[in-house]
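# Working through the structure, step by step
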Amino acid sequence: MLTQTSILRVVSKLLIPPIMLFALYVQFHGDFGPGGGFQAGVIFASAFILYALIFGVDNARKATPAWLTRLMLASGLLLYAGVGVVAMLLGGDYLDYSMLSSDPHAGQHLGITLIEFGVGTTVAGAMITIFLIFDGRLRAEKED
Amino acid sequence: MAFTAYSLVRLHNLFAVVMLSGIYSLLAAVLYVVMDAVDVAFTEAAVGAGISTILMLGTLALTTRMDKENKLIDPVPLAIVTITGALLIYGTLDMPPYGDPSAPVHHHVGQYYIEKSGEQVGPPNIVTSVLASYRGYDTLGEVTVIFTAAAGVMALIGRSRRRKKKGDKT
């Protein structure tokens, strides 16, 4: 795609690792500052999409094959719902994180971290999946 | 913002429309920052201005760049839109002014969350504790919506491609 433009290649190569790092920061720092799973997932996916735009979707597909993004998509939601079930098994209400640990505060913190991680995984998986499917469709139509 | 919205409606070049909608989202994000809703602004900037613009561009690549000429003005949708808009504006007349401390929003559960979330949940960011803990069900629902959206795209576009491939092989 845009592989010939060396400025774009160099700049995006420099930018992609900080974007991913920033996504993780937004993910795990959401308790203290603005941010959380939704934003982190989108930022992570945008780093991936930038890579795909500059270095070609084939290389990106090698980095994250379709089964991986689909696994992310499903496992994030499962993690979220699973935390609720675990809380229920431990004697609390569904999605009541206070039961996850002996100290309610620690339990809440653990629960929120886990479900935010689930949210982030699902959002990133969804965005990357949709992007890859669009590309696949485009290719299929070009072949016809 | 109003100018961007007006151009959005009038333009026929869909590429420009997508770009303008990205700009509109960015302006909305700025507005949210002004209203001290940093979390919402963050989401709007990342999702509205970033990802959805890319996805819309992808859709454009799949379909066409120019809008179909449609000069006819259909009176029924126009009437519905006008009436709904008028009703919405009429509704805002009853709303308390922005930042009014006696507004009902500040006296329902909001007060309770602000006072109690520190000891009941813990994280300093109240938005996070409301989203993830007090409103855990809602957030679970939102994640399910995103999951369903991706699954729907997979079923609609992803599958037909595989079927085509199978057809090629046989």
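Calculation criteria
- Residues numbered from 1 in each chain as written.
- Chains lettered and ligands numbered in written order.
- Predicted model: local features only at pLDDT ≥ 70, side-chain atom pairs only at ≥ 80, totals over all residues.
- Helix = DSSP H or I, 4+ residues; strand = E, 2+ residues; numbered from the N terminus.
- Buried ≥ 20, exposed ≤ 12 C-beta atoms within 10 Å, placed from the backbone.
- Contact = placed C-beta atoms within 7 Å.
- Rg over C-alpha atoms; globule rule 2.2 N^0.38 Å.
- Nonpolar A, V, L, I, M, F, W, Y, C, P; charged D, E, K, R; others polar.
- Axes fitted to C-alpha atoms, helices over the stretch in contact; angles between N-to-C directions.
- Parallel < 35°, antiparallel > 145°, perpendicular 65-115°, else oblique.
- Core = buried A, V, L, I, M, F, W, Y, C linked by C-beta atoms within 7 Å.
- Domains from an automatic or database assignment.
- pLDDT = per-residue confidence, 0-100.
- Left-handed = near helix turned anticlockwise from the far one by under 90°.

### Section: the overall build of chain B
For chain B, the count of helices and strands is seven helices and zero strands. When the helices and strands of chain B are listed from N to C terminus, the series reads α-α-α-α-α-α-α. Per-residue burial for chain B yields a buried fraction of 17% across its 170 residues. In chain B, once contacts between residues fewer than 6 apart in sequence are set aside, the share between residues at least 24 apart is 33%.

### Notes on the overall build of chain A
On a plain count of helices and strands, chain A comes out with five helices and zero strands. Against the compact-globule benchmark of 15 Å for 144 residues, chain A has a radius of gyration of 18 Å, which places it well outside the compact range. The dimensions of chain A, computed from C-alpha atoms along their principal axes, are 60 × 35 × 20 Å. Sorting the 144 residues of chain A into buried and exposed places 42% on the buried side. Considering only residue pairs separated by 6 or more positions, chain A has 65% of its internal contacts joining residues 24 or more positions apart.

### With respect to the interface of chain B and chain A
Opposite the 38 residues of chain B that make contact, chain A presents 41 residues. Listed by contribution, the elements that provide at least two residues to the side of chain B that touches chain A are α3 (38-62), α6 (126-134) and α7 (136-169) of chain B. It is α7 of chain B that contributes the most residues to the side of chain B that touches chain A, 16 residues altogether. Looking at the side of chain B that touches chain A, its residues break down into 24 nonpolar, eleven polar and three charged.

### Describing the packing of helix α2 (residues 14-34) of chain B against α3 of chain B
Residues and elements named next belong to chain B. In contact at an axis separation of 7 Å, α2 and α3 are set at 175 degrees when each is read in the N-to-C sense. On the basis of their axis angle, the class for α2 and α3 is roughly antiparallel. Taken together, the residues of α3 that come into contact with α2 (itself represented by L14, F15, V18, G22, S25, L26, A28, A29, Y32 and V33) are V38, V40, A41, E44, A45, G48, A49, T53, M56, L57 and L60. Here the residues of the contact of α2 with α3 sort into 16 nonpolar, four polar and one charged.

### Quick look at the nonpolar core
When a protein is soluble and globular, its nonpolar side chains tend to lie buried together. By size, the foremost hydrophobic cluster in this structure holds 48 residues, and its most contacted members are V42, A45, F48 and M127 of chain A. If you list the elements that add at least two residues to this core, you get α1 (6-28), α2 (37-55), α4 (66-89) and α5 (104-143) of chain A together with α3 and α7 of chain B. With 13 residues, the top contributor of residues to this core is α5 of chain A. Structurally, this core is a two-domain feature, drawing no fewer than three residues from each of domain 1 (1-69) and domain 3 (135-170) of chain B. Those residues in contact with M127 of chain A that sit more than four places away from it in its chain are G41, V42 and A45 of chain A together with I51 of chain B.

### Description of the environment of L71 of chain A
Mapped onto the elements, L71 of chain A comes out in helix α4. The spatial distance from the C-alpha of L71 of chain A to the C-alpha of T121 of chain A is 9.4 Å, given a sequence separation of 50 residues.

### A word on the environment of L50 of chain A
Residues and elements named next belong to chain A. Along the chain, L50 falls in helix α2. For the pair L50 and P65, spaced 15 residues apart in the sequence, the C-alpha separation amounts to 16 Å. Not counting residues within four places of it along the chain, the set of residues in contact with L50 comprises S12 and I16.

### Examining the confidence of the model for chain B
Residues and elements named next belong to chain B. On average, residues of chain B score 76 in pLDDT, and 72% of them reach the 70 mark or higher. The low-confidence segment residues 165-170, where pLDDT is below 50, has zero contacts with residues more than four positions distant or belonging to other chains. Here the prediction assigns the complex a pTM of 0.74, and the interface score ipTM is 0.76.

### Overview of the environment of M20 of chain A
Residues and elements named next belong to chain A. Topologically, M20 is positioned in helix α1. Judged by C-beta crowding, with 16 C-beta atoms within 10 Å, M20 ranks as partly exposed. On a C-alpha basis, the gap between M20 and R61 in space is 17 Å, while along the polypeptide they are 41 residues apart. The residues contacting M20, other than those within four sequence positions of it, are F44 and A47.

### Notes on the packing of α5 of chain A against α3 of chain B
Where α5 of chain A meets α3 of chain B, the axes come as close as 9 Å, and the angle between the chain directions of the two elements is 15 degrees. Classified by the angle their axes make, α5 of chain A and α3 of chain B are roughly parallel. Our pair here, α5 of chain A against α3 of chain B, has a crossing hand that is left-handed. Contact residues: M127, I130, F131, F134, R137 and L138 of chain A in α5 of chain A; I51, L55, G58, A61 and L62 of chain B in α3 of chain B. In terms of residue class, the contact of α5 of chain A with α3 of chain B is built from nine nonpolar, one polar and one charged.

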